[in-house]
Structures are given as C-alpha cells and as structure tokens.
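Listed below, chain by chain, are the residues.
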Amino acid sequence: MPWPCVLLLFVVSSTILPLQAVRVCHIRPPYRNLHLISFTPKTHRHATLLPNLLKKFCSELHLLAPERLTLHLENFLIVTHPQLHALHNSKPPISFRYISSNLTAVFSRAPKQNPYYLRSSPSLSSSTSSSVRSTPRSVLPLDTQFYHQFHTYHILAEKCRAIASNYSSHVTLTSIGKSHQSRPILALTIGKTDSKNPRRIFLNGLQHAREWVAAAVPIYAAEQLAVAAAEGGNSNLANLLNVVQVIVVPVVNPDGYIYSGTNRDWRKNRASTSKCNEKNSLGSQGPGVDLNRNWATDYGGSGSTSLDPCSDVYIGTSPFSEPETAAVRDFVLRTKGLKAHIDFHSYGQLVLGTWSFTDDQPPRAEEIDIVGTTLQDDMTNAEGAKYRFGRGANNKLMYPASGTMVDWMFAQGVLSFTVELRPSSPSEIVGFRLPESLILPTCEESMAAVTSLLTYAENQTLYLESNRFRIEGSSSNGGNDNNPNTPDRNQPSAPQDTLFIVGISLGGAVLAIIVVMIIAVGFQRRMKKRAANVENASSSASDRHAAAP
Ligand code: 0X9
Ligand code: ZN
C-alpha cells in the first residue's frame, strides 16, 4: 500500500484547535520537489493565525493542510519547493523548522518508527523526530531536486527570479539585452565587491542550444553561491564572496534553447534567413548563427567556421552581428574588474584554455596552464569523472575554433576557459543527451571549478604560487599527458646520455655499453607508450570533431 503522506497532527497533548475544513492531501512516490517542515504553535494567537496561513497555501498552492492543529506540539507539513519559497517569503508569524527534503527516506521507515506517519500512530510524540536532520535554518536550502531534470526555458527563467527574490540581500537579477526573438538575457550577480578595486568572475552557459547541461550548471552555481552568501558565517564560499563578485549569465541563447525542445540537435541562435530549411537534426542544414563563431577575435578565421548561412558553424554577417553576442560584449565592456571567466558547453569533459584559434603562445601562458590544470583536477577530484586540460588550436582534445567567446574575453585581459561538461565522449552516453541523473553530479563537479576560480580571483599571486608548487610536486594527477603546453618532464634524455658515455674512459666501456643498452630499451618503451598516447588522443579528438559541430 502506498504511504499516504498527510499533514500530520499530534493528538498527544492538551489543546486541539479545530480548523475550518481544510482537506488532507495524499501524495504518492516519487516524492519529488517536496520538503518536510514543521510549525509549533506556542500561543493561541499563533494557533489562530496559522490556520488561515495554511489554508491560504493549501488552496492556492495545494499545500497539504491539517484538519486540526495542536498547540505546543510540532505540526508537520509537506510542501512543494515553490510552496516552501512562498511560505518563506510570506514571513509567517511563527517560524517553521526545516526538517528534510529526503521524503523517500522519511517514508521508507516502518510506520511505527516513522514519526511523520501519524495516522496510524497517533501516540507518537514530537521528540521522536530527532532522528531526522533538524537544524533550524533561516536561509532556504539549496534546491537539489531542481537539478534532477532538464527544464523548459520558462522554468529556468523562473528559477533565476526565485534565486534573486529568495536571496535578495545578496543577489540581483538584471537583463543585459534581448535575443532575436526579444527574450531577455538574464544575469544574476552574487556577492559584493569593493568599488575601488573590484574583483569579479563571469560565468555563462548555453551559447549552443542543444547543450542543455550547460544551462543547469551556471544556475546551480548561482544558487549555491546565493545560499552561501546568505548563510554567511565563516564558510570558504561566504568569505570569497565578501571579496569577489560572481556574475552569471546562464542562458546566452534563450531562443535556441527553446527551439531545441522540439528540434533537439539545434546548435545556433534563431536568426532567420529564407535560404535554409527549418530542420536541423545532427548534420543537416538550418538557419541561425553559431554564437561561438560570432566574436571578434579571429572572426571568420579558419578554425571550424563557415560563411554558409545554413552551416552549423555559420559566423554571421559581421562580428557581433547577433543581439545575443552584442549584449554580452557590451555587458563585459562595462563591467570593471573581471579576472576570470568560464564559458560552459558540452560535451567532452574538457577544460580548454586560450587561444582556441591558434597554437601561438598566448600571453600569460604559464598562468593559463596552472589555472587550467587546477580546474581540471578540481573537477576530476569532485566526482571522479576525468576532465582533461589543454590549450591551443591543436591541443589534441578539440578542433581549432575561430571567433570564440573565450578568445575575445582573453583579448580583453580576462583569463578565460571553455569547459566542455559531461559526457566524455559520444560513445559513452549519447553526446548532448546527458541522462538526467548526471545533471547534479555535473553541477557539483563544476562548482569545484567555480570555487577555484573565485580563489584565483581573490588573490591571483597566492593561487598561482600554491598551485604551481602543487602541480610541479605532483607525479600524476596534477599533470596532463595530453597537454602539449606542459613541458614533458618525462622526455627521453638519450642524446645527453650518449654524449656522457662517449666521454668516459676506455676502462668503463663495457659498463657504458650496458648502460647504453638499458637506456635504449627504456627509451624504446617510452616512445612506444608515447605513440600509443598520441594515437588515443587523436582518435578521441577526431571522434569529438565528428560529433560537434
Ligand atoms: O565548437 C565550439 O564552439 C566549442 N565546442 S562545442 O562542441 N561545445 O561546440 C569549442 C570552443 C573552444 N574550442 C577550442 N578551444 N578549441
Ligand atoms: Zn558548445
């Protein structure tokens, strides 16, 4: 029999206050987006105020509501996430206690041991609830349920509004411009910054319509940061947010995102042209501009670009011809103190440093490598999914790309990375169609990178020094076999060895021959291993290239 989950009341004690007939709602598993909370009316005033409050929520928001309310005892409520937020925002006359969002765990207990299953156990007292997390909170918790599924654009925009209103002392929501189809491009700003010497980082997602997880990740980061800022205290994130402000534009391409709901492999924006078909399953032709080819740095260069308006990598008519890229450009140009940036995409599990269009040595190459390698490690260590770092056009991880956002950001002096989220390759899981169960882990590992980027922005010198030491000191995890820009400390050293051997005395010749043979065998083995690595890297790069764009 399914557990009927009702708003429960204890009948143990003295005062039972009859309420107006409020229905008892039944819910069934799966218990998604639900929270268990409680109220303890301490006075008759509370007890008279509460019924109306609850009734309001019940009728308007389908809150589970009691038939009776017990004075001095805990009265349990099951609320949906929006109800919880609405209740919180309504500043109820008595405080509620947040207990758990894991209703499956709560209701999987045997009825007799289940303090919340009171229909069949009316004698249980409120003290039995101590087995469930009962930290009183004044700040709304992170809504992890939200990240268990992909949402429509409308819901994502609602979520941004909810983050801004629920944490209004720490978060502001603005529109930085409009898309082709006049949708606002939303930006959330979290934390404060000293106006004389501002330090900011910028996160964005979803330049490419079909890369859905790349919208969830920046929203998760914004919510997580908002919770940390609101909770304050001495947490690492709260301290960082006292110094560094974070700006999040989760969906650069809202029109494309919406369109990908019906045309799942859509990549570009929704600029129209009469020249192309309205279809675009992978590989076919459709209108629109590839926003990540529409930036001014090496605009129209040879890195996977096209002048064909129907191509998936069409560059548009001129740099920033698209309202979406122009809006972000203008916003970035008027925002002082930007230190670092991540442009989230999927897929490949890659951290890519600038430049994207050339192998020429960029300025601050060592800095890019230290931060990039650290982000790679942070993301890998968070959940165990392996991320790889590389920079340059021919980094063996991804194809060259011209006119990209990260290259333009870097040209403005902002350390900038493309992060290709999960999955790692099309064969592992089907590319852009990431299973929903992997959204949250992807968000969580990305949060590790965001935290690291905040730490970098807080004190670049300290960050670089400590990570330089860590990367040089680590034998395997910190380094990256596939990164051509990291000096290969395992390069075979045969030429020096040979010179050395030539110089030794004749008496040592026999010994020298043995040494040479040992070195030669070792050298041969290393070369074989290296060849195998290169082969692996290039086959994964060509897989990737074949899949996107
Ligand atoms: O092609 C792109 O714009 C990005 N890849 S995606 O599959 N998400 O479309 C890569 C851009 C950065 N490229 C390099 N750093 N090479
Ligand atoms: Zn992309």
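As the structure is a prediction and not an experimental result, all values here were calculated from the model.

Quick look at the overall build of the chain now. Regarding its fold elements, the chain presents 14 helices and 13 strands. Evaluated residue by residue, the chain yields a buried proportion of 55% over its 549 residues. When contacts within the chain are restricted to residue pairs at least 6 apart in sequence, long-range pairs at least 24 apart make up 77% of them. A total of about 23800 Å² of accessible surface is found on the chain, and carbon and sulfur atoms cover 55% of it.

Further remarks concern the pairing of strand β10 (residues 338–346). With nine of its nine residues buried, β10 lies for the most part within the structure. Bridge analysis of strand β8 (residues 200–205) against β10 gives six bridges, and the strand direction is parallel. Directly across from Asn 204, in β10, lies its bridge partner Asp 343. Summarising the sheet, β10 and strand β13 (residues 415–421) pair through seven bridges and their orientation is parallel. By the bridge assignment, Phe 344 is partnered in β13 with Val 419.

Attention now moves to the coordination of the zinc ion (ligand 2). The protein atoms donating to the zinc ion (ligand 2) are His 208 (ND1), Glu 211 (OE), Glu 211 (OE) and His 345 (ND1), with metal-donor distances spanning 2.0 to 2.3 Å. Donor residues binding the zinc ion (ligand 2) come from one chain and are separated in sequence as H-x2-E-x133-H. For the pair formed by His 208 and Glu 211, the shared burial category is buried.

The subject of this paragraph is the site of ligand 1. What surrounds ligand 1 is a group of 16 residues, the closest being Arg 267, Asn 292, Arg 293, Tyr 399 and Glu 420. One of the side-chain N or O atoms of Glu 211 is found 3.0 Å from a nitrogen atom in ligand 1. Between ligand 1 and His 345 there is a distance of 3.1 Å, counted from a nitrogen atom to a side-chain nitrogen or oxygen. For the shell around ligand 1, the secondary-structure elements that each account for two or more residues are β10 and β13. A breakdown of the residues in the shell around ligand 1 according to their chemical character gives five nonpolar, six polar and five charged.

Right, let's get into the packing of aromatic side chains. The final tally for this structure, using the stated rule, is 13 aromatic pairs. Aromatic pair Phe 146 and Tyr 147: ring centres 5.2 Å apart, planes at 75 degrees, arrangement edge-to-face. The buried category is assigned to Phe 146, whose relative accessible area is 9%. On the basis of relative accessibility, which here comes to 1%, the residue Tyr 147 falls in the buried class. Measuring from centroid to centroid gives 4.9 Å for Tyr 347 and Phe 432, while their planes differ by 70 degrees, and the two rings are edge-to-face. In this pair, Tyr 347 sits in the loop between β10 and β11 (350–353) while Phe 432 sits in the loop between β13 and α11 (439–458), placing the two residues 85 residues apart along the sequence. Per residue, the accessibility class of Tyr 347 equals that of Phe 432, and both read buried.

Running from N to C, helix α5 (residues 213–231) and α11 point in directions that differ by 60 degrees, and their axes come no closer than 9 Å. One way to sum up the angle between α5 and α11 is to call them oblique. Like other packed secondary-structure pairs, α5 and α11 cross with a definite hand, here right-handed. Together, Val 213, Ala 216, Val 217, Tyr 220, Ala 221, Gln 224 and Leu 225 of α5 and Ile 439, Leu 440, Thr 442, Cys 443, Glu 444, Ser 446, Met 447, Val 450 and Leu 454 of α11 make up the contact between the two elements. Here the contact of α5 with α11 is composed, by residue class, of twelve nonpolar, three polar and one charged.

At a minimum axis distance of 10 Å, the contact between helix α4 (residues 153–166) and α5 shows a crossing angle of 15 degrees. Here α5 runs roughly parallel to α4, going by the angle between their axes. Seen along the crossing, α4 lies across α5 with a hand that is left-handed. Residues Leu 156, Lys 159, Cys 160 and Ile 163 of α4 form the contact with α5, whose own contacting residues are Ala 215, Ile 219, Ala 222, Glu 223 and Ala 226. Its residues assigned to classes, the contact of α4 with α5 comprises seven nonpolar, no polar and two charged.

We now examine the pairing of β8. Across the six residues of β8, six count as buried, placing the element largely inside the fold. Taking every second residue as pointing to the same face, both faces of β8 are buried, with Arg 200, Phe 202 and Asn 204 on one and Ile 201, Leu 203 and Gly 205 on the other. Sheet topology places β8 next to strand β9 (residues 245–249); five bridges connect them, and they run parallel. Residue Asn 204 lies in a different strand from β9, and its bridge partner there is Val 249.

Pairing in this open sheet of eight strands is mixed, and the strands run β6-β7-β9-β8-β10-β13-β11-β12 from one edge to the other. The sheet is open, and its two borders are formed by β6 (171–178) and β12 (388–391), each paired with just one other strand. Strand-to-strand twist in this sheet, taken as the mean axis angle between neighbours without regard to direction, amounts to 20 degrees. Here α4 sits on the sheet and contacts β6 and β7 (184–190); the angle it forms with β7, its principal contact strand, is near 30 degrees. This element, helix α8 (residues 323–333), spans β6, β7, β8, β9 and β10 of the sheet and lies at about 130 degrees to β6.

Applying the stated rule across the entire model yields 14 salt bridges. Of the charged contacts in the structure, one is a salt bridge between Asp 369 and Arg 391, with a shortest N-O distance of 2.7 Å. Here Arg 391 lies in strand β12 and Asp 369 lies in helix α9 (residues 365–383), a separation of 22 residues in the sequence. For the pair Asp 369 and Arg 391, a shared accessibility class is recorded, and that class is buried. Among the ionic pairs, Arg 468 bridges to Glu 465, the shortest N-O distance being 2.6 Å.

Rules behind the numbers
- Residues numbered from 1 in each chain as written.
- Chains lettered and ligands numbered in written order.
- Predicted model: local features only at pLDDT ≥ 70, side-chain atom pairs only at ≥ 80, totals over all residues.
- Heavy atoms only, no water.
- Helix = DSSP H or I, 4+ residues; strand = E, 2+ residues; numbered from the N terminus.
- Buried < 20%, exposed > 50% of the residue type's maximum accessible area, 1.4 Å probe, protein only.
- Contact = heavy atoms within 4.5 Å.
- Areas by Shrake-Rupley, 256 points an atom, 1.4 Å probe, with all protein chains shown as cover.
- Pairing = 2+ DSSP bridges.
- Donors = N, O, S within 2.8 Å, 3.2 Å for Na, K, Ca; no water.
- Near = heavy atom within 4 Å.
- Polar contact = N/O pair within 3.5 Å; in protein donor to acceptor, adjacent residues only side chain to side chain.
- Nonpolar A, V, L, I, M, F, W, Y, C, P; charged D, E, K, R; others polar.
- Phe/Tyr/Trp six-rings, centres within 6.5 Å; stacked < 30°, edge-to-face > 60°.
- Axes fitted to C-alpha atoms, helices over the stretch in contact; angles between N-to-C directions.
- Parallel < 35°, antiparallel > 145°, perpendicular 65-115°, else oblique.
- Left-handed = near helix turned anticlockwise from the far one by under 90°.
- Salt bridge = Lys/Arg side-chain N within 4 Å of Asp/Glu carboxyl O.

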